[in-house]
Amino acid sequence: DEHPAILGDWWARGAGEGFLLVAAIYLAIGAAICGASVAGAEWKWGTVTTALTWEPRRVRLHLARTLSAGVLAFFIGLALQVIFFVAALPAVFAHGNTAGVDGAWWIALGTAMVRIAFMTALVAVLALNIATLGRNTAAALVALSVWMIALEGLVRAAFLGFATALA
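If you're wondering where the values come from, they're calculated on a predicted model, not measured in any experiment. (Residues numbered from 1 in each chain as written. Predicted model: local features only at pLDDT ≥ 70, side-chain atom pairs only at ≥ 80, totals over all residues. Heavy atoms only, no water.)

1. Digging into the overall build of the chain
For the chain, the count of helices and strands is 6 helices and 0 strands. The order of α-helices and β-strands along the chain, N terminus first, is α-α-α-α-α-α. By residue count, 29% of the 167 residues in the chain fall in the buried class. Look at the contacts in the chain between residues 6 or more apart in sequence, and 79% of them connect residues 24 or more apart. Put simply, the chain shows about 10500 Å² of open surface, and 72% of that area lies on carbon and sulfur atoms. (Helix = DSSP H or I, 4+ residues; strand = E, 2+ residues; numbered from the N terminus. Buried < 20%, exposed > 50% of the residue type's maximum accessible area, 1.4 Å probe, protein only. Contact = heavy atoms within 4.5 Å. Areas by Shrake-Rupley, 256 points an atom, 1.4 Å probe, with all protein chains shown as cover.)

2. A closer look at the layout of surface pockets
Empty space within the largest pocket amounts to approximately 330 Å³. Lining the largest pocket are 13 residues, and of these A28, A32, V123, L144 and M148 lie nearest its centre. Listed by contribution, the elements that provide at least two residues to the lining of the largest pocket are α1 (20–45), α4 (103–134) and α5 (137–158). Broken down by element, the lining of the largest pocket gets its largest block of residues, 6 residues, from α5. The residue inventory of the lining of the largest pocket, partitioned by class, reads 11 nonpolar, 1 polar and 1 charged. By volume, the second largest pocket amounts to about 230 Å³. G30, A31, C34, A73 and I76 are the residues nearest the centre of the second largest pocket, which is lined by 15 residues in total. Mapped by element, the contributors of at least two residues to the lining of the second largest pocket are α1, α3 (58–95) and α4. Ranked by the residues each element gives to the lining of the second largest pocket, the list is headed by α1, at 7 residues. (1 Å grid on protein atoms, 1.4 Å probe; cavity = no way out; pocket = protein on both sides within 12 Å on 5 of 7 lines; lining within 4 Å. Points joined across faces, edges and corners; volume = space filled by probe spheres on them. Nonpolar A, V, L, I, M, F, W, Y, C, P; charged D, E, K, R; others polar.)

3. What to know about unusual backbone geometry
Even without being a glycine, R135 presents a positive backbone phi close to 55°. Examined against the element boundaries, R135 turns out to sit in the loop between α4 and α5.

4. Considering the environment of V123
Note that V123 resides in helix α4. Sequence separation between V123 and A32 is 91 residues; the distance between their C-alpha atoms is 5.8 Å. Residues in contact with V123, not counting those within four places in the same chain, are A28, A31 and A32.

5. A few points about the packing of aromatic side chains
Scanning the model with the defined rule gives 3 aromatic pairs in all. Ring centres of F74 and F75 lie 5.2 Å apart, and the angle between their planes is 80°; this geometry places the pair in the edge-to-face category. Summarising the aromatic geometry, the rings of F85 and W106 are spaced 5.9 Å apart at their centres and angled 85° between planes, so their arrangement reads as edge-to-face. You can see F85 sitting in helix α3 and its partner W106 sitting in helix α4, a full 21 residues away along the chain. Cluster of aromatic residues (ring-pair linked, three or more members): F85, W105 and W106. (Phe/Tyr/Trp six-rings, centres within 6.5 Å; stacked < 30°, edge-to-face > 60°.)

6. Observations concerning the pattern of salt bridges
A full pass over the atoms with the stated rule returns 1 salt bridge. Linking E42 and R65 is a salt bridge whose minimum nitrogen-to-oxygen distance equals 2.5 Å. Of the two residues, E42 sits in helix α1 while R65 sits in helix α3, which places them 23 residues apart along the sequence. (Salt bridge = Lys/Arg side-chain N within 4 Å of Asp/Glu carboxyl O.)

In structure tokens:
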């Protein structure tokens, strides 16, 4: 029953757990690093000042940078999930089964993949904005790490009833 090559167990509709959550964790970490690097590297190497010489509208430059990072993170996240999923399919065909997989399962899987890709884009945009405010990649990575290590547990404990109401 717990065999990893059973396709129906990779994503359980409505359960919020499964095979794709492994990919989601690494996508969030990669999005944070890449999103922070988009802004932080520009501040470190001074290309922001060069770009503002030619395009003096800071808001317009920041919005373009933020939009491009979000869109790219979404599509890269979606593509990597598909690659991750397809790479694991040979195990199902060789050693597992597809019992319980129907059209509704595929729709739920696709919806979950889109949600995870959207979450990846949001993390990249958040990291980019924190790095822009801190003018450093490390500022964003430290801020996001402090949130995940210390503050997330406190918020989850304070709003436990709210989290269970949403589930």
